[in-house]
Amino acid sequence: MQKLISSSYGIQRLDFRLPEFTRYAWTSDHAREVWEPRVHRIIAGLQEVEWRSIVLGLRSCALRAVMPEQLCSLAATLESYGLKVEPLQAIAVTENYSASMQAPLDGQQFSYWSVLGRQDDIQQFKQAYEANDQPEIGRLLGYPPCCTEFFADVWMHQDFVDTTWAMAHKTQTRASLSPTVIEIPHVSQSSMLLRWLGPRQVFHLPCRFDCEATAELANRMAEVWQQSGLIEELSWLNEMLRWPVEWSALHGIAEIKTPVVKISTRTDATAEKYAVRYLGDTYPNEGARGLHFPYQQPAKRLISDSQQFRDGLDNPVKPFQDSYLLTEWYFTDNGFFSKYSMDSAHKPILALARQCLQGVAGRALDLGCGNGVLMRKIWLEHQEIVPGGVDVDPAKIAHAQELLPEFASHFGVADMFASDAIWSSEQLYALVILMLGRLTEVPTEKANWLLEKLQTCTQQLLVYAYDDYLRSHTSLNQMATDLGIELIDYQPGATVSLAKINL
């Protein structure tokens, strides 16, 4: 049965510990392509800053795992700077970050846990190391005394394997969202939340996210990066330390979520989930999007960003349109009892007009246009044309001039069978629309007069008939034939067609 062990820093631990492991899961291939090589360069830069910080006097010693085959080359590099490297103990090689050092098994690959520094400092360090003198070890490694004391208490005395919760709990500027959730609201140079991946600004485990001594040391380390020519690597490191990160622990497994990679590793076992939310203040372009912290939600598109909205701006709805759609005269002017019945009757006419006006510009005329609704519909689809119409009813023409105010002068009160003002041999209409039934309502002489005008002044003649007119004839084609009109490409049953006049 699992038991609680001594607790501190507001965390309840269980009495078991998982084996060492650390796993990485990148949030996307793109994030990995961009950031994995940068992380490798930051880690390589850390190794150089590690010993250069000794050369520049920031500290006396440094610790590093060195493979046996690398020991000579590293010693040669350090020698030119007056430094040496000496092994302390052999440790097992681990593929990823490990919170503890393990002795290598027989035949297992190993490295040397080594101390770097000047000869006298190395000797002092070895003595402190053998005596487990943590304050002296911390001093020689250049760690702030407060952090050395924190490490001795948390890591050595209380046997934590992960200092994250204790570090957050000690942070003075923290926000405790609940007994198990702490929020770190500011960017911190002391953050070690990425240490399982590698990037960090200092080499020790800080006592708090807002540790002033660590921040000062981090600033001095940044100067070492710069003096070492590692400007780009330092820039990436600083950017990563500004990302939002969530550390959580449950049942001995820690998850560290960043915008580009999730890390799973060993931590102290707990029955409850504990979480530290480091808010950061920037987000990488390659970062994943999500609904929960630390991921940022996808940017909400504004209605004004939509293609439909932009299309609307390009084709603004006239202010009067909606109001007229609700006005009864909108359809009764044209002899219909509803807008639906009018739109249904107009549908085949619009389809043929759409076809014959493709790529055509010029004037279009609706004979007996009523209030001009049909011509307005055609113009909305073919704004290269200049719409116009005539009708004998002044009220309908007045409505047409309201519906198409830009072309008000092209709509007039006139008798299509008698007005010469409509026709001019110098002005050909690109399209004329005629309801064939009108020709059956007037004497033959008047009908022929109009047909003659149409023959000479029209490039395309579109004729149609509504059901009430067609009922007295067998078809539109029969009606046209009776009137001396030839339909072009007439389809049986059609109520609309292009026509040719043969007088």
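Residues numbered from 1 in each chain as written. Predicted model: local features only at pLDDT ≥ 70, side-chain atom pairs only at ≥ 80, totals over all residues. Heavy atoms only, no water.

Peer 1: Go over the side chain of Thr458 with me, naming the residues and quoting the values.
Peer 2: Relative to the elements of secondary structure, Thr458 occurs in the loop between α15 (444-457) and β17 (461-464). Engagement of the side chain of Thr458 in a polar contact is seen with the backbone oxygen of Leu454, the distance being 3.1 Å. (Helix = DSSP H or I, 4+ residues; strand = E, 2+ residues; numbered from the N terminus. Polar contact = N/O pair within 3.5 Å; in protein donor to acceptor, adjacent residues only side chain to side chain.)

Peer 1: Residue-level account of the pairing of strand β6 (residues 110-117), with values.
Peer 2: β6 sits mainly inside the fold: six of its eight residues count as buried. Both strand β4 (residues 61-66) and β6 contribute to a ladder of six bridges, which runs antiparallel. By the bridge assignment for β6, Ala62 is matched with Leu116. Bridge count for strand β5 (residues 84-92) against β6 is eight bridges, and the pairing is antiparallel. Within β6, the position partnered with Ile91 by the bridge is Ser111. (Buried < 20%, exposed > 50% of the residue type's maximum accessible area, 1.4 Å probe, protein only. Pairing = 2+ DSSP bridges.)

Peer 1: Tell me what's going on with helix α4 (residues 134-141), and back it up with residues and numbers.
Peer 2: Listed in full, the buried residues belonging to α4 are Gln134, Ile137, Gly138, Leu140 and Leu141. One side of α4 holds all its buried residues, which, seen down the axis, span an arc of 165°. Here the buried face of α4 lies against β4, α3 (119-130) and α5 (145-157). One or two positions beyond α4, positive phi appears at Gly142, with a value near 80°. (Arc of directions from axis to C-beta. Contact = heavy atoms within 4.5 Å.)

Peer 1: Residue-level account of the pairing of strand β13 (residues 362-367), with values.
Peer 2: As a general feature of sheets, a regular strand has side chains that alternate between the two faces. Relative to strand β14 (residues 385-391), β13 runs parallel, the two sharing six bridges. Paired with Ala364 across the strands is Pro387, a residue of β14. Remark: the β13/helix α13 (residues 373-381)/β14 crossover connection has right-handed handedness. Pairing geometry for β13 and strand β16 (residues 431-435), over four bridges, is parallel. Counted as the bridge partner of Leu367 is Leu434 from β16. (Right-handed = clockwise from strand over helix to strand, strands pointing away.)

Peer 1: Describe the nonpolar core, and please don't skip the residues or the numbers.
Peer 2: Counting residues in hydrophobic clusters, the biggest one holds 66 residues, and the most contacted among them are Leu367, Ile378, Trp423, Leu439, Leu450, Leu454 and Leu462. The element that contributes the greatest number of residues to this core is helix α12 (residues 339-356), accounting for seven residues. If near-sequence neighbours (up to four positions away) are discounted, Leu367 is found in contact with Val390, Met416, Trp423, Val432, Ile433, Leu434, Leu450 and Leu454. One finds Trp35, Leu193, Leu194 and Ala254 within the second-largest nonpolar core, a separate group that totals 58 residues. (Core = buried A, V, L, I, M, F, W, Y, C linked by side-chain atoms within 4.5 Å.)

Peer 1: Got a sec to walk through the packing of helix α7 (residues 212-227) against helix α8 (residues 231-240)? Specific residues and values, please.
Peer 2: Running from amino to carboxyl end, α7 crosses α8 at an angle of 145°, the nearest separation of the two axes being 7 Å. Packed against α7, whose contacting residues are Ala222, Trp225 and Gln226, the element α8 presents Ile231, Glu233, Leu234 and Leu237 at the interface. A breakdown of the residues in the contact of α7 with α8 according to their chemical character gives five nonpolar, one polar and one charged. (Axes fitted to C-alpha atoms, helices over the stretch in contact; angles between N-to-C directions. Nonpolar A, V, L, I, M, F, W, Y, C, P; charged D, E, K, R; others polar.)

Peer 1: Any details on the sheet that holds β5? Residues and values, ideally.
Peer 2: An order of β4-β6-β5 is seen for the three strands of this open sheet, with the pairing classed as antiparallel. Two strands close off the open sheet at either side, each with one partner strand: β4 and β5. Neighbouring strand axes in the sheet, compared pairwise and without regard to direction, differ in orientation by 25° on average. Strand contacts of helix α2 (residues 71-79): β4, β5 and β6, with the helix running at about 155° to β5, the strand carrying the most contacts.

Peer 1: Which residues make up the side chain of Ser190, and what values do they have?
Peer 2: You can see Ser190 is positioned in the loop between β8 (181-184) and α7. The contacts of Ser190, once residues within four sequence positions are left out, are Met167, Pro206, Arg208, Phe209, Cys211, Thr214 and Ala215.

Peer 1: Tell me what's going on with the pattern of salt bridges, and back it up with residues and numbers.
Peer 2: Tallying each qualifying case throughout the model produces 21 salt bridges. Between Glu48 and Arg52 there is a salt bridge, and its shortest N-O distance comes to 2.7 Å. With Glu48 and Arg52 both in helix α1 (residues 29-55) and four residues apart, this pair spans about one turn of that helix. The class of Arg52 is partly exposed, set by a relative accessible area of 22%. Salt-bridge contacts for Lys339 lead to Asp343; the nearest nitrogen and oxygen are separated by 2.6 Å. Remark: Asp343 and Lys339 occur in helix α12; sequence separation between them is four residues, near one turn of the helix. Relative accessible area serves as the criterion here: at 29%, Lys339 is assigned to the partly exposed category. (Salt bridge = Lys/Arg side-chain N within 4 Å of Asp/Glu carboxyl O.)

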